[in-house]
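Remarks on the overall topology
Each chain, written out:
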Amino acid sequence: MNTVVQLCYFVAAVLFILGLKGMSSPRTARKGIVWAGIGMVLATVATFFHPDLHHAVNYLLIILAIAVSGGLAWWSGKRVPMTDMPQMVALYNGMGGGAAAAIGAVELFKAVSQIGATSAQQLAAQKDLGLEQVEQFAAGHSHVGSLLGADHAVLGISGALIGAVAFSGSLVAWAKLDGRLHRNQLLPAQQLVNLGVFVATVLFAILSYYTDGSAVIIVFFVLALVFGVFMAIPIGGADMPVVISLFNALTGLAVGFEGYLLGNPAMIIAGTVVGAAGSLLTQLMAKAMNRPLTNVLFSGFGTATADAG
Amino acid sequence: MIEGLIALWIFMLAAFTGYEVISRVPVILHTPLMSGSNFVHGIVLVGAMVALGEASGATEQLIGFIAVILAAGNAVGGYVVTERMLEMFKTKDEQNKKGGQE
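Residues numbered from 1 in each chain as written. Chains lettered and ligands numbered in written order. Predicted model: local features only at pLDDT ≥ 70, side-chain atom pairs only at ≥ 80, totals over all residues. Heavy atoms only, no water.

For chain B, an unreviewed UniProt entry supplies the name proton-translocating NAD(P)(+) transhydrogenase and the organism Nitrococcus mobilis Nb-231. Chain B has a UniProt comment under Function (unreviewed entry) that states "The transhydrogenation between NADH and NADP is coupled to respiration and ATP hydrolysis and functions as a proton pump across the membrane." (UniProt positions renumbered as here; feature names shortened; annotations may be inferred.)

Following this line, the structure appears as structure tokens:
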């Protein structure tokens, strides 16, 4: 059964690439989205037969969540006026980033609970094993990084960081375009504050690798979310489409990284393709506005007070 | 299953694919394509389903549930919005057909 699931993922990945290719030309654009849609339905249905899924309650929760959220998204997407499309893209993109971050959170918390479980097992096993063996075993399971393996932990934490930033940043972009948020600057010397928050976020990302408790991980997620807000707040409304495209690329990257953590090739391929395509698209959009990307991202910092006045 | 170097190859090839697939895209398609790629990373739904499906304990279930809620919104909303944007790119045949019926 698992082979069938993996084959479905493979076909879905092919359909995504063909769909994006189609969407890059006006003549084939409408076929492109349909192909990608078929790929998405195929991958979603196949996942219900994924061998890692268990507990009837979890199946029910999955169906409930897809029905409620999918229904709401369908309804809101259908009735939003054409001129409000960019902020809807920002909203849905932010949700994707948040989902990637949440997947990272589930896996990190699961790793932490396994560390607790293994240390209890060690105590029980101490009678039978020599002290040296117990120490070896404990060294292999003492923190998140050693339990998940360095590659999985690094990409999982990075994906969670990028996803959380894309989540809160996209929500700010949505609020600005939807006319719910007008302030261009939150704090004095926003640029310095942003740098400080960014450094703290990266620090706690590294600490999350070496931690064996959940407190550090929670602080890490809060900091990443705050950084996303601070990053998007100084950027002016007219530049928002470029910034949404950037967050779109970041979400793609986060999805690719979490796909590696879960061992899911469809997520790796689709996420990385979007990450690369989105990066290029961001550059093209900035170029179409006749200004370099760095200008879009950082120009708001110095001029924000002047704009407000 | 997909470990270390193999995954690195996949990352590399997928990145080049993404770059190649949308090079030379006309300006008029920038926003629909952004929306379309936004839909494609809705595949995160699959990962969210697995994360919730293998969850044990209330905390993991709660975060997993949030993950599926967010991911389903991304996938469904992304599709609907992209589809509506691309409505404007109907081919001449389709437009003529519609015009003939009216």
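As a further point, take a nonpolar patch on the surface. All names here are of chain A. Residues Leu7, Phe10, Val11, Val14, Leu18, Val34, Trp35 and Ile38 make up a contiguous nonpolar surface patch of roughly 710 Å² in combined accessible area. The set of elements that each furnish at least two residues to the nonpolar patch consists of helix H1 (2–23) and helix H2 (29–47). Examining the composition of the nonpolar patch, we find that 5 residues originate from one element, H1, more than from any other. Tracing the backbone through its elements, the reader meets isoleucine 38 in helix H2. (Patch = residues over 30% accessible without salt bridge, like charges linked within 9 Å, V, L, I, M, F, W, Y side chains within 5 Å. Areas by Shrake-Rupley, 256 points an atom, 1.4 Å probe, with all protein chains shown as cover. Salt bridge = Lys/Arg side-chain N within 4 Å of Asp/Glu carboxyl O. Helix = DSSP H or I, 4+ residues; strand = E, 2+ residues; numbered from the N terminus.)

A complete count under the given rule lists 5 salt bridges over all chains for this structure. For glutamate 107 of chain A, the salt bridge goes to lysine 110 of chain A, with nearest N and O atoms at 3.9 Å. Linking glutamate 107 of chain A with lysine 110 of chain A, this pair stays in helix H4 (residues 85–125), spanning 3 residues, or about one helical turn. Taken as a pair, glutamate 107 of chain A and lysine 110 of chain A share a single burial class, namely buried. Linked through salt bridges whose partners overlap, the residues forming this network are Glu107 and Lys110 of chain A together with Glu54 of chain B. (Buried < 20%, exposed > 50% of the residue type's maximum accessible area, 1.4 Å probe, protein only.)

All names here are of chain A. In the contact formed by H1 and helix H11 (residues 265–288), the axes pass within 9 Å of each other and the chain directions differ by 10°. Comparing the axis directions of H1 and H11 gives the class roughly parallel. Viewed along their axes, H1 and H11 form a crossing whose handedness is right-handed. Residue-level inspection shows Gln6, Tyr9, Ala13, Phe16, Ile17 and Leu20 of H1 in contact with H11, the latter providing Pro265, Ala266, Ile269, Ala270 and Val273. Residue composition of the contact of H1 with H11, grouped by class: 10 nonpolar, 1 polar and no charged. (Axes fitted to C-alpha atoms, helices over the stretch in contact; angles between N-to-C directions. Parallel < 35°, antiparallel > 145°, perpendicular 65-115°, else oblique. Left-handed = near helix turned anticlockwise from the far one by under 90°. Contact = heavy atoms within 4.5 Å. Nonpolar A, V, L, I, M, F, W, Y, C, P; charged D, E, K, R; others polar.)

With that settled, consider the packing of aromatic side chains. How two aromatic rings sit relative to each other is given by the distance of their centres and the angle of their planes. Counted according to the given criterion, the structure contains 6 aromatic pairs over all chains. When the ring of tyrosine 209 of chain A is compared with that of tyrosine 210 of chain A, the centres are 4.9 Å apart and the planes differ by 75°; the resulting orientation is edge-to-face. A relative accessible area of 16% means that tyrosine 209 of chain A is categorised as buried. A residue is classified by how much of its surface remains accessible, and tyrosine 210 of chain A, at 55% relative accessible area, is exposed. A connected cluster of aromatic rings, assembled from ring pairs, spans Phe257 and Tyr260 of chain A together with Phe11 of chain B. The ring of tryptophan 75 of chain A has arginine 79 of chain A lying over it, and the distance from NZ or CZ to the ring centre is 4.6 Å. (Phe/Tyr/Trp six-rings, centres within 6.5 Å; stacked < 30°, edge-to-face > 60°. Lys NZ or Arg CZ within 6 Å of the ring centre and 35° of its normal.)

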